[in-house]
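Structural features, examined
What follows is each chain in one-letter form.
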Amino acid sequence: GEVFVLNDGGEVDLDLGNYERFLDISLYKDNNITTGKIYQHVINKERHGDYLGKTVQVVPHITDAVQEWVMNQAKVPVDDDRKEPQICVIEANPSFLFQLGGTIGDIEGMPFIEAFRQFQFKAKRENFCNIHVSLVPQPNATGEQKTKPTQNSVRALRGLGLSPDLIVCRSAKPIEMAVKEKISMFCHVEPEQVIFIHDVSSTYRVPILLEEQGIIKYFKQRLNLPIDDQPSDLLLKWKKMADRYERLLKVCSIALVGKYTKLSDCYASVFKALEHSALAINHKLDLMYIDSTELERSTEAENSVKYHQAWHKLCKADGILVPGGFGIRGTEGKLQAISWARTKKKPFLGVCLGMQLAVVEFARNCLDWKDANSTEFDADTKAPVVIDMPEHNPGDMGGTMRLGKRRTVFKTQNSVLRKLYGDEMFVEERHRHRYEVNPELTHFFEEKGLKFVGHDTEGNRMEIIELENHPYFVGVQFHPEFSSRPMKPSPPYLGLLLAATGTLNAYLQRGCKLSP
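Since the structure is predicted, the reported quantities are computational estimates derived from the model, not experimental observations. As a convention, each chain's residues are numbered from 1 in the sequence order in which they are written. Only residues with pLDDT of 70 or above have their local features reported here, since the model is predicted, and side-chain atom pairs are shown and tallied only from 80 upward, although totals for entire chains, interfaces and linings are computed over all residues. Only heavy atoms go into the side-chain values, all of them from the structure, while hydrogens and water stay out.

**Side note on the packing of helix α12 (residues 304-316) against helix α13 (residues 331-343)**
Where α12 contacts α13, the two axes come as close as 11 Å, and the packing angle between them is 35°. The crossing of α12 and α13 is right-handed. The segment α12 lies against α13, with W311, L314 and C315 engaging Q336, A337 and W340. Here the contact of α12 with α13 is composed, by residue class, of 5 nonpolar, 1 polar and no charged. Helix axes use the C-alpha atoms of the stretch in contact, all axes being lines fitted to C-alpha atoms, and the angles between their N-to-C directions lie in the range 0 to 180 degrees. Strands here are runs of E lasting at least two residues and helices are runs of H or I lasting at least four, both read from the DSSP assignment and numbered beginning at the N terminus. Here is the rule for handedness: rotate from the far helix to the near one, and if that takes an anticlockwise turn smaller than a right angle the crossing is left-handed, while a clockwise turn gives right-handed. Only heavy atoms matter for contacts: two residues are in contact if any of them lie within 4.5 Å across the pair. Residues are grouped as follows: Ala, Val, Leu, Ile, Met, Phe, Trp, Tyr, Cys and Pro are nonpolar; Asp, Glu, Lys and Arg are charged; all remaining types, including Gly, are polar.

Below, the structure written as structure tokens:
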């Protein structure tokens, strides 16, 4: 799946992106616990002499290290008020504020389970609530909802010393009351401690489903939380947003041209950023995944049907997006898609590699530099329009990327993206790249109308491109999708959707305010 990048440069599982989006918070790399981090922490302490020559063991040294890590990170603020959190949520199944990974019974997760078995006594019952998530399958042959998997997983969990306070049951269809009572009886919990989450029209419905089943009231009583019984203003806004999502009638189609299209999770944040923007302008998103290799001439010779189907998708799309990626495979197809967007004046957004390839395409077809390329793909190119960053060592791939939140300064007021960002002088977005546009060649592009409207604080790294006399041809070196939120869509993605629906100019004329 996708590598999600945090503000501090942490590269983590895509689940942390889901939690940032749903809660509108900013997490840190230490919110992601891995076995490697814990063992390295213990090894460093042993080398430092903290254990005074004792034999280092999983219990107590590894388990104590997990608890120490949690206690330290639980006090770090993750939202805008910068106050110490009242609640720390830990998942051992994937993660909320801590990513432990694995499933009950996985051998690599056992030290973590043991750590939290011990932790429940240190924290005391009134401060520790255990939630167990379980699948309730419904075989097509019988149509009966089966509770045995839940009973067995709860038994396994109890065997490890943890008893669930809440059992959250996932299912394809709403769970019947008889099933709820059966789980309650055999798993030794009250019926109100069994929560159902069935498949719904959108993930935005899930918090509402939880609230309707009294989960907030339960937490208030169980953990003695100082919260109101009435739903918060944010939850009411969330309900309105979920209702609006289900009433959308207009459709906007976007072609995502990439090479990891077999697994949609590879572009999870990109999809969510597009969805947030489509929702903001009251459109339903029709995202068409196009494998960039299928746009190449070699595919036409090998499989002409695939080739023409891919081009048919591209041609009928309202806008084109080329996301980030690595490696030479599929780049020629991406260049073809970018050329189509530029010449046919189709709204286009290039992200990271997508921006770099937009520069390569412009160099080849507008500056007539036929051998223009990135040194990532051709180290000996005579026209290196995209080059290695000075700090990148090609012989050592680990830890050589430019990661995390960095500042981008606008160098002109006449920029579409600057207006979309609220006419700010600078923006701060998350990065993940090893290559950059060659700053020594930028004046050739600007003379022909491809403007570099944003750069880093030193003015050496090109961060944003915009093409003159085009409805929307924008490239960004950073990854704005990582900062997109359901109620605060990312400006570059919002600009793409507005241009694709023909409403960008009206939006800019209204001072970047959406029409009622």
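**Some remarks on the sheet that holds strand β10 (residues 372-374)**
Pairing is mixed in the open sheet, where 3 strands are placed in the order β10-β11-β14. Lying at the two open borders of the sheet, with one neighbouring strand each, are β10 and β14 (435-437). Within this sheet the neighbouring strands show an average axis-to-axis angle of 25°, counted without direction. Note: two strands are recorded as paired if DSSP finds a minimum of 2 bridges between them. Here β10 runs beside strand β11 (residues 383-388); their pairing, made up of 3 bridges, is parallel. When the bridges of β11 are listed, A372 appears paired with A383.

**Quick notes on the layout of surface pockets**
Regions of empty space are outlined by a rolling probe, equal in size to a water molecule, passed over the atoms. As defined here, a cavity is a set of points on a 1 Å grid over the protein atoms alone where a 1.4 Å probe fits but cannot get out. A pocket is an open set with protein on both sides within 12 Å along at least five of seven lines, and residues line them when an atom is within 4 Å of a point. Grid points are joined across faces, edges and corners, and a volume is the space filled by probe spheres set on the points. Of the voids in this model, the second largest pocket is the one considered here, and its volume is about 520 Å³. What lines the second largest pocket is a set of 23 residues, and nearest its centre among them are S26, E428, S483, R485 and K488. Element by element, the count of residues in the lining of the second largest pocket is highest for strand β13 (residues 426-433), at 4 residues. Tallied by class, residues from the lining of the second largest pocket come to 8 nonpolar, 5 polar and 10 charged. For every domain, the bounds stem from an assignment made automatically or drawn from a database. Built from parts of two domains, the lining of the second largest pocket gets at least three residues from each of domain 1 (4-177) and domain 2 (250-510).

**Section: the domain arrangement of the protein**
Split into domains, the protein comes out as domain 1 (4-177) and domain 2 (250-510). For domain 1 versus domain 2, the separation of C-alpha centres amounts to 36 Å. Across the contact, 13 residues belong to domain 1 and 16 residues belong to domain 2. Buried area: the accessible area, evaluated with a 1.4 Å probe, that two parts lose upon being put together, summed over both parts. Of the roughly 1300 Å² buried between domain 1 and domain 2, counting both surfaces, carbon and sulfur atoms make up 50%. Area buried by domain 1 at its contact with domain 2 is led by V5, N7 and R21, which between them contribute 49% of it. Any Lys or Arg side-chain nitrogen located within 4 Å of an Asp or Glu carboxyl oxygen qualifies as a salt bridge. Across the domain 1-domain 2 interface, the total number found is 5 salt bridges. Between E20 and R430 there is a salt bridge; the shortest N-O distance is 3.0 Å. Polar contacts, as used here, are pairs of N or O atoms within 3.5 Å; protein pairs need one atom able to donate a hydrogen and one able to accept it. Residues neighboring in sequence count only if both atoms are side-chain atoms. Linking domain 1 with domain 2 are 10 residue pairs in polar contact (both at pLDDT 80 or more), by the criterion used here.

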